[in-house]
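# Examining the three-dimensional arrangement
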Amino acid sequence: MIEANHIGAGATGASLGVLSTPAAGIGFGDPDEVIHGRPRKLWHRDRLAAQRFLLRLIDESGTDCELQQGAVLLAPTTQNFEHLAGTVESRNALYESSDVMLNADELGQEAGGRVAEKFAGGLVMSDAHFVQPARMIAGLAGLARSLGVLICERTEVVGVQARKGGFRILTNGGDVSAGNVFVATGGYTRDAVPYLRARTLGLPSIGIASEEIPEEEVRDICRSGRVLIVNRFRTYTCRPTGDGRRIVLGGPVSEVPGTPFENVRRLHDYFVRLFPDLTGVEFTHSWVGMVAATRDGAGHSGMHNGIRYSLGASGLVSCADAGRRMAQSILHDDTVVDSQFRRWPMRDSEHLWCRAAAFTDGLRDLVGKSRLR
Ligand SMILES: Cc1cc2nc3c(=O)[nH]c(=O)nc-3n(C[C@H](O)[C@H](O)[C@H](O)COP(=O)(O)OP(=O)(O)OC[C@H]3O[C@@H](n4cnc5c(N)ncnc54)[C@H](O)[C@@H]3O)c2cc1C
């Protein structure tokens, strides 16, 4: 494994560590209804298996990742609330979970501040988990090493050339040969494989962490200890740290990463409206990660000129599962077909696309659209 920076330096290390896969495009409802050629229940079964796969790996790594359970999806509008409520029965049947809807009055059990005033209610997702990402990454890297994987950090791949029976990988630390290549460079994809760069954009998301504050204040924000996720098109997340001493916030906020101070201010401004008590709290840590955006908003796994790739999958669980599936395709020497991976027109105008994405996603938020999680 070759990593340009240190392991986990990309979006994975920047994430808020929520382990829950979006059911994008599949929806909830009749388990036997055929969606994209398969019964809905099979898509959801895959989703559940993907989540369990990552949890099993974390468990096998033997690392304490500060694993915590439970998430609350906050519904900004009554329509959004009703929409989520309409999925509960199906969720519980498909995931063997015990999700429940809470109305605005009941939200006070989950979150303090003005959350109960600002939201129509929320969905408690009992099978969601969250971890401390840096610990998860260290654990998984340790597990990989124990299985014989050599991880070359601070080594950038600058090109991949096909050779008889395999590939020559060109890096800034020297070249190596490989029988198979799997590229998973996410929102950091550059020119090493121009085909993939033309089809991927990196969109920034931001995370910030507060200074240490009294545990009672943290508990007053996340009252049940579950992670709070605003169910809008763009994801805003709020969670306690494992030691219960800090609040961690995440969101998309800007179309191009600003300075750390600007990032803190933007995210802080958003959350202060929900939790006025955060007004005087200092946010001492701020970081940015680039999330891969594809033209159709879907993850793409496939092969181009023999090079396997998986890019644009949404979230930690989906990305881990995409890696598992690609590893299997190498073991079984399967060809992976992906005929729908369209290039971004004017790919070099990256800033323009980032602004356009921020604008359209903002508009979707305004009209109350949300992603199905
Ligand atoms: C602030 C933030 C919060 C998030 N919160 C959540 C969350 O709570 N839950 C969730 O499920 N998802 C979350 N996400 C999204 C999630 O992090 C991503 O979907 C996922 O981690 C992407 O994983 P990946 O392996 O595809 O890419 P990455 O983790 O970005 O990995 C790509 C790696 O490729 C390396 N690389 C790039 N080019 C080269 C090269 N030429 N040579 C060698 N190495 C190279 C990069 O250095 C990078 O480390 C969040 C994202 C951000 C930014």
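In short, a report on the structure. Fair warning: this is a prediction, and the values are worked out from it, not measured in the lab. Every chain is numbered on its own, with residues counted from 1 as its sequence reads. Local features in this predicted model are restricted to residues of pLDDT 70 or higher, and side-chain atom pairs are both shown and tallied only at a pLDDT of 80 or more, whereas totals for entire chains, interfaces and linings draw on every residue. Note: side-chain values were computed over all heavy atoms of the structure, leaving out hydrogens and water.

Attention now moves to the overall build of the protein. Counting from the N terminus, the helices are the DSSP runs of H or I reaching at least four residues and the strands are the DSSP runs of E reaching at least two. When its secondary structure is counted, the protein shows 11 helices and 17 strands. What the globule rule says is 2.2 Å times the number of residues to the power 0.38, and the radius of gyration is computed from C-alpha atoms. For a compact globule of 373 residues, the expected C-alpha radius of gyration is about 21 Å, and the protein comes in at 21 Å, within 12% of that figure. Dimensions of the protein along its principal axes, counting C-alpha atoms only, are 65 × 50 × 45 Å. With 373 residues in all, the protein has 45% of them scored as buried. Only carbon and sulfur atoms are counted for the fraction: they give 52% of the accessible area of the protein, which is about 18300 Å². In this tally, Asp and Glu contribute negative charge and Lys and Arg positive charge; neither His nor the terminal groups of the chain are included. The atoms used to mark charge sites are NZ of Lys, CZ of Arg, CG of Asp and CD of Glu. Each charge class in the protein can be summarised by its mean position, and for the 42 positive and 43 negative side chains these summaries are 7 Å apart. Burial status follows relative accessibility: with a 1.4 Å probe on protein chains alone, a residue under 20% of its type maximum counts as buried, one over 50% as exposed, and anything between as partly exposed. Note on areas: these come from Shrake-Rupley sampling with a 1.4 Å probe, and a residue is covered only by the protein chains present in the view.

In the case of a regular strand, side chains alternate between the two sheet surfaces. In terms of strand pairing, strand 16 (residues 300-304) meets strand 17 (residues 307-311) through five bridges, oriented antiparallel. The residue of strand 17 that forms the bridge with H300 is L311. Here, any two strands with at least 2 DSSP bridges between them count as paired. The turn linking strand 16 back onto strand 17 is made up of two residues, and N305 within it adopts a positive phi angle of 50 degrees.

The subject of this paragraph is the pairing of strand 6 (residues 121-130). With nine of its 10 residues buried, strand 6 lies for the most part within the structure. Across two bridges, strand 1 (residues 18-19) lies against strand 6 in antiparallel orientation. Residue pairing across strands places L19 opposite H129, the latter belonging to strand 6. Across seven bridges, strand 4 (residues 68-75) lies against strand 6 in antiparallel orientation. Directly across from L73, in strand 6, lies its bridge partner L123. By the bridge criterion, four bridges tie strand 5 (residues 100-103) to strand 6 in an arrangement that is antiparallel.

What follows concerns the pattern of salt bridges. Salt bridge criterion: a side-chain nitrogen from Lys or Arg within 4 Å of a carboxyl oxygen from Asp or Glu. Under the defined criterion, the tally for this structure stands at 18 salt bridges. Notably, a salt bridge pairs R245 with E212, separated by 3.7 Å at the nearest N-O pair. One end of the pair, R245, is in the loop between strand 13 (236-240) and strand 14 (247-251); the other, E212, is in the loop between strand 11 (201-210) and helix 8 (215-221), with 33 residues separating them in the sequence. The partner of R325 in a salt bridge is D321, and the shortest N-O contact between them spans 3.2 Å. Of this pair, R325 and D321 are both found in helix 10 (residues 316-331), four residues apart, which corresponds to roughly one turn of the helix. With relative accessibility at 41%, the residue R325 sits in the partly exposed group. Put simply, D64, E66 and R135 are held in one network by salt bridges that share partners.

Only residues whose relative accessible area exceeds 30% and that form no salt bridge are eligible for patches; like-charged ones are grouped when within 9 Å, while nonpolar side chains (Val, Leu, Ile, Met, Phe, Trp, Tyr) are grouped when within 5 Å. Taken together, the side chains of F359, L363, L366 and V367 define a hydrophobic patch exposed on the protein surface, amounting to about 460 Å² of accessible area. Mapped onto the secondary structure, V367 falls in the segment after helix 11 (350-366).

This brings us to helix 11. Given 3.6 residues per helical turn, the α-helix brings residues three or four places apart onto the same face. Given a helix with a known number of residues, its expected span is that number minus one, times 1.5 Å. The terminal C-alpha atoms of helix 11, which comprises 17 residues, lie 24 Å apart, in line with the 24 Å expected from a rise of 1.5 Å per residue. All buried positions along helix 11 are accounted for by E350, C354, A357, D361, G362 and D365. Looking down the long axis of helix 11, one finds its buried residues gathered within 130 degrees of arc, a one-sided arrangement. Those residues of helix 11 that are exposed and aimed more than 90 degrees away from the buried face are L352, F359 and L366. Of the surrounding secondary structure, the elements contacted by the buried residues of helix 11 are strand 11. Note that the arc is computed from the directions linking the helix axis to the C-beta atoms. In what follows, residue pairs with any heavy atoms lying within 4.5 Å of each other are defined as contacts.

Shape descriptors only; they carry no functional weight alone.
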